[in-house]
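Tertiary structure, described
Take a look at the letters that make up each chain.
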Amino acid sequence: MPSDAPSAHAGALDPAQSAAVSAAIERLRDLPGALLPILHAVQAELGFVPPAAHEPIAAALNLSRADVHGVVTFYHDFRSAPPGEHVLKVCRAEACQAMGCAQLERHVEQRTGVAKLHGTTADGKLTVEPVYCLGNCALSPSVQLDGRVFGRVTPARLDALLAAAQRGAKGGRS
Amino acid sequence: MTVTVYVPRDSAALSMGADEVVDAIVKEAAARKQTVQLVRNGSRGMLWLEPLVEVQTDTGRVAYGPVTAADVPALFDAGFLNGGDHSLAHGPTEQIPYFAKQQRFTMCRVGVTDPLDLAAYEAHGGLEGLRKALAMAPAAIVEEVVASGLRGRGGAGFPAGIKWRTVLGAQADQKYVACNADEGDSGTFSDRMLMEGDPYCLLEGMAIAGLAVGATQGYVYLRSEYPDAQLMLSTAIARARAAGWLGDDVLGSGKAFDVHLRMGAGSYVCGEETAMLESLEGKRGVVRAKPPLPALVGLFGKPTVVNNVMTLAAVPRILADGGAAYAALGVGRSKGTLPFQLAGNLKHGGLVELPFGATLRTLLFEFGGGSASGRPLRAVQVGGPLGSYLPESQWDTPLDYEAFAAVGGLVGHGGIVAFDDTVDMRAQARYAMEFCAVESCGKCTPCRIGSTRGVEVIDKMRGKERDRQEALLRDLCTTLKDASLCAMGGLTPLPVLSALDHFAEDFAAD
Ligand SMILES: Cc1cc2nc3c(=O)[nH]c(=O)nc-3n(C[C@H](O)[C@H](O)[C@H](O)COP(=O)(O)O)c2cc1C
Ligand code: SF4
Ligand code: FES
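All values derive from a computational prediction rather than experimental measurement.

**Thoughts on the domain arrangement of chain B**
Residues and elements named next belong to chain B.
- Per the domain assignment, the segments of chain B are domain 1 (3–100), domain 2 (118–327), domain 3 (330–420) and domain 4 (425–508).
- The centre of domain 2, based on its C-alpha atoms, is set 35 Å off from the matching centre of domain 4.
- Residue-level contacts link nine residues of domain 2 with seven residues of domain 4.
- Between domain 2 and domain 4 we count zero salt bridges in total.
- At the junction of domain 2 with domain 4, the criterion picks out two residue pairs in polar contact (both at pLDDT 80 or more).
- Across the side of domain 2 that touches domain 4, the residue classes tally to five nonpolar, two polar and two charged.

Shown next as C-alpha cells:
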C-alpha cells in the first residue's frame, strides 16, 4: 500500500532540474491525462522526480500539490530521490520463485548490502528495486539491469552482469 | 547468394543474448565473405530455445537454438546457412512438435514476420479483417464478434461482443477504445509477445473495435516493465499512421481512428479496468465502484470499450474468417483458442496456443516437458497471482473457464506456473497475502489492512497456536472475499486457501 506521508520538505530545483521539468511540462501538458506522461518524462531525464517539481507540475495542470504528491507516491516506479549509477530490478514474482529467485535475492542482499531489495549501495553505484514480473517467466529467474532484461540469472551470471555494467560508464534506460 | 537469417528481437530472446548473436553472425559472415540478410522477427514462442536462429532454405525455414554468440563460428563451419547439421539444429521450425501441435490463430504471425514491416503484415493476412469491417455496419461488426463467442482474455472472461453492444448503444459525442496491456500476472507474457512480435495486429483489432462502437480514439495502457514492447508499439503506431492505416482517413474510408500509447508506472492494481482508467486520466490507480460500467461511463467519463490485448488481437481474424469459424474451436462456452503461457519450473517454457479444452497435464508434460529441475512437479498456479494452486489430482481438468471455476480455480490470462517438490506452500500462501498488501489500491479495509494481518497470521500458524490461527486465516479470507470492491482483495483467498486445503502438510505445527 503506497504511503500517504506528507512530502519531505522540498528543496529548490537546481537550474538543470528546473529546465528538465519545464521542458516536460511544455511538451506534454496538453495531453489528456498529462500527469503520468510528465512524471515519466521528468524521471527519464533526471532519474527521479524531485519533490520540488510537484509544485510547477501541479500549477501547469491546475492540480493541487497534494494531488501530484499523491500520484507520485501511489506508483512504485516514481522515485523521490536520485538513483545510483545503475539500476537493478530483481523479479520476485511466482514464476521466478519457482526457479529460485529467493537465493538470488539473498545473493543480491549480501553482495550489495541493500536490505529487502530496496535501496542504493553506500557508494551510490547501484540502486536495487523489487519488481513483480518482467514478462520473462519462461526463462526465470529474471532481472532488469538499466532497462535491459536478463533471463536464467544465476548468482554467478548476476555478478558478471554487474561487473560488466560497472566497467561500462553510465547505465542506459531504467 | 544472400541468405535470410532470422534472429528474434523479442525481449525473451534479448534476455538470452539475441543481440550478441546478431553481432557475431554479422562479424562471422563478413570474415567469410558471405552475405546474409538479417530479419529481426518476433519469437516463435519456444522460449527455452531462445535465441532461436532460423535460416531460410529452399525447403523452408530451419531452426537452431539456443544459440549463443560463442556458437556462431561453429554454426558457420557446419554450413548452417544451407541448413547444415549441428548439435543445435532442430530441422524445419514448423515441424518441431511443440510448434506443430499448436493451433496458431491470434499469434499466427508472431515469429514469422518482421513485426514492423507493413508489407509483410499485409502479405500474411493483415488488414483483411479491417477491410471487411470498413464495409460493414457497426452493428454487424458487433454481431460478428458476438457470434464468435470471444470472451475477454484479461481475466474475467466477459463476452467481448456483449460489451461492445453496450458501448455501441450508448449516446455520446466521444467514445474510446482502451486496450489493457498492463499484463501484471506473473507467468504471463502473451500480450508482450504479440505487441513485440505483431503490433499491427493489436492496432487493427482496436480500429475494428472503434468502427464497431463508434469510437475514434484508442488508448493502449502498457506496463512500464515492458520497454521493448513500448519501442515496438510506438514505432508501429507511427508507421501505421504514416501509411494511412490509422488517422483521420483509415485506409481511405473517410472514417477516423487513432491510437495513443500511455505507460503505466509499476502498479499491479492498475490492470483492474477502472483503476486503469483512473491512471490513464492521470490519477492514482484507485478502483472505481461499478456501476456505472466503463462501457457507459469510462475514460474521461465517456463510453469506453476496455479489452485485453489478446481479446483485441483475436478480432482481425474473427472478422476475416467469420465469427462462426472461431466459435467452432474450443469447448462449451469457452470458444476459440487461448495462447497459454508455460512458465516457472518447466523444461520447455513458452507460448502454446490451443483451442480451449486441453488438460493442464497435456500442457505441463506434452508441451512443457516436465520440470526444469528434473524433480517431480508438485503445485501449479494457473491464472496469475490471484489464481489457485492446483495439486496433481486436478491436473486433468480441461482448461476452460467453467471447468476451472468448478474446481475453484481460474483460467485468467492463461498463465501456468509450475513448481517442483521443493516448493514450500506456506511461503506461497504468505507471498499471496504480501503481494496483496504491496499492491492494494487502499480503498477497502479488508484488502488494505487484512492482507498485512494475513501475513502475520500465517507466520503465527505454528506450535500450539496453529489451529487457532488457521481459523483466523479462514475468517480473514471470508472477509476478503465478501467485502472487497475488486478481485485484488476478492480473489487473494484463492491462492491462500488452495495452498492450505491441498497442501496442508506444509502448514504443520512444527
Ligand atoms: C487486480 C486486477 C488486475 C488485473 N490486471 C489485468 C491486466 O493486467 N490485464 C488485463 O487485461 N486485465 C486485467 N484485469 C482484468 C480487468 O479488470 C478487465 O476485466 C479486463 O481488462 C477487461 O478486458 P477483457 O474483457 O478483454 O478481458 C485485472 C483485474 C484485477 C482485479
Ligand atoms: S479490493 Fe483492494 S485493490 Fe480492490 S478496490 Fe478494494 S482495496 Fe482496492
Ligand atoms: S515472474 Fe519473474 S519474470 Fe515473470
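From this point, the discussion proceeds with the structure in view.
**Description of the pairing of strand S8 (residues 258–263) of chain B**
Residues and elements named next belong to chain B.
- Pairing of strand S7 (residues 217–222) with S8, which is carried by six bridges, proceeds in the parallel orientation. Residue pairing across strands places Gln 217 opposite Asp 258, the latter belonging to S8.
- Taking the sense of rotation as the criterion, the β-α-β connection linking S7, helix H11 (residues 227–242) and S8 turns out right-handed.

**Remarks on the domain arrangement of chain A**
- Per the domain assignment, the segments of chain A are domain 1 (15–74) and domain 2 (86–167).
- For domain 1 of chain A versus domain 2 of chain A, the distance between C-alpha centres works out to 29 Å.

**A look at the environment of Asp 321 of chain B**
- Here Asp 321 of chain B is to be found in helix H13 (residues 309–321).
- Accessibility expressed as a relative area gives 39% for Asp 321 of chain B, which makes it partly exposed.

**Re unusual backbone geometry**
- Put simply, Lys 290 of chain B and Pro 291 of chain B share a cis peptide bond, and its omega is -5 degrees.
- Along the chain, the position of Pro 291 of chain B falls in the loop between helix H12 (273–280) and strand S9 (304–308).
- Cis geometry marks the peptide bond from Pro 291 of chain B to Pro 292 of chain B, where omega comes out at 0 degrees.
- Looking at the element boundaries, Pro 292 of chain B is found in the loop between H12 and S9.
- Notably, Lys 116 of chain A is not glycine yet its phi reads approximately 50 degrees, a positive angle.

**Structural notes on the site of ligand 1**
Residues and elements named next belong to chain B.
- Residues in contact with ligand 1 amount to 19 residues; listed here are only the nearest, Gly 154, Asn 180, Asn 307, Asn 308 and Thr 311.
- In the model, an oxygen atom of ligand 1 is placed 3.2 Å from a nitrogen or oxygen of the Lys 163 side chain.
- Within the backbone of Glu 273, an N or O atom sits 2.9 Å from an oxygen atom of ligand 1.
- Where the shell around ligand 1 is concerned, the elements lending two or more residues are S9 and helix H20 (487–491).
- Ranked by residues supplied to the shell around ligand 1, first place goes to S9 with three residues.
- When its residues are assigned to classes, the shell around ligand 1 shows four nonpolar, nine polar and six charged.

**A few points about the site of ligand 2**
- The immediate surroundings of ligand 2 are formed by 13 residues, with Cys 441, Lys 443, Cys 444, Cys 447 and Cys 486 of chain B found nearest.
- Of the residues in the shell around ligand 2, the class split is eight nonpolar, four polar and one charged.

**Describing the side chain of Gln 102 of chain B**
Residue and element names in this part refer to chain B.
- Here Gln 102 shows up in the loop between helix H4 (97–100) and helix H5 (118–123).
- Classification of Gln 102 by relative accessible area gives buried; the value is 10%.
- Separated by 3.2 Å, the side chain of Gln 102 and the backbone oxygen of Leu 351 make a polar contact.
- Dropping the residues within four chain positions of it, Gln 102 is found in contact with Leu 351, Val 352, Glu 353, Leu 354 and Phe 367.

**What about the sheet that holds strand S4 (residues 60–64) of chain B?**
Residue and element names in this part refer to chain B.
- What the five strands build is an open sheet, ordered S2-S1-S3-S4-S5; its pairing is mixed. Single-partner strands in this sheet number two, and they are strand S2 (35–39) and strand S5 (89–92). The sheet shows a mean angle of 25 degrees between the axes of neighbouring strands, taken without regard to direction.
- Across five bridges, the pairing between strand S1 (residues 2–6) and S2 is parallel. The partner of Val 3 across the bridge, within S2, is Val 36.
- Running over the sheet, helix H2 (residues 18–31) touches S1, S2 and strand S3 (53–57) and is turned about 165 degrees from S2.

**Brief notes about the confidence of the model for chain A**
- Averaged over chain A, the pLDDT score is 92; the fraction of residues at 70 or greater is 91%.
- Here residues 1–9 of chain A is modelled with pLDDT under 50, and outside its nearest four sequence neighbours on either side it reaches 16 contacts, counting other chains as well.

**Here's the deal with the sheet that holds strand S15 (residues 389–390) of chain B**
Residues and elements named next belong to chain B.
- Spatially, S13-S12-S16-S14-S15 is the arrangement adopted by the five strands of the open sheet, whose pairing is mixed. Here the strands that pair on one side only, and so sit at the sheet edges, are strand S13 (350–355) and S15.
- With five bridges connecting them, strand S14 (residues 377–382) and strand S16 (residues 415–420) associate as antiparallel partners. The residue bridging Leu 377 from the neighbouring strand is Asp 420, located in S16.
- Along the sheet face, helix H15 (residues 360–367) touches strand S12 (337–344), S13, S14, S15 and S16 and points at about 120 degrees away from the line of S14.

**A short note on helix H1 (residues 15–28) of chain A**
All names here are of chain A.
- Taking 1.5 Å per residue as the helical rise, H1 with its 14 residues ought to reach 20 Å, and the 20 Å between its terminal C-alpha atoms agrees with that figure.
- Along H1, the residues classified as buried are Gln 17, Ala 20, Val 21, Ala 24, Ile 25 and Leu 28. Projected onto a plane normal to the axis of H1, the buried residues spread over an arc of 130 degrees and lie on a single side. Residues of H1 that are exposed and point more than 90 degrees away from the buried face comprise Pro 15, Ala 16, Glu 26 and Arg 27.
- N-cap assignment for H1: the residue whose side-chain oxygen lies 3.1 Å from the backbone N of Ala 16 is Asp 14.

Criteria and thresholds
- Residues numbered from 1 in each chain as written.
- Chains lettered and ligands numbered in written order.
- Predicted model: local features only at pLDDT ≥ 70, side-chain atom pairs only at ≥ 80, totals over all residues.
- Heavy atoms only, no water.
- Domains from an automatic or database assignment.
- Contact = heavy atoms within 4.5 Å.
- Salt bridge = Lys/Arg side-chain N within 4 Å of Asp/Glu carboxyl O.
- Polar contact = N/O pair within 3.5 Å; in protein donor to acceptor, adjacent residues only side chain to side chain.
- Nonpolar A, V, L, I, M, F, W, Y, C, P; charged D, E, K, R; others polar.
- Pairing = 2+ DSSP bridges.
- Helix = DSSP H or I, 4+ residues; strand = E, 2+ residues; numbered from the N terminus.
- Right-handed = clockwise from strand over helix to strand, strands pointing away.
- Buried < 20%, exposed > 50% of the residue type's maximum accessible area, 1.4 Å probe, protein only.
- Near = heavy atom within 4 Å.
- Axes fitted to C-alpha atoms, helices over the stretch in contact; angles between N-to-C directions.
- pLDDT = per-residue confidence, 0-100.
- Expected span 1.5 Å × (residues − 1).
- Arc of directions from axis to C-beta.

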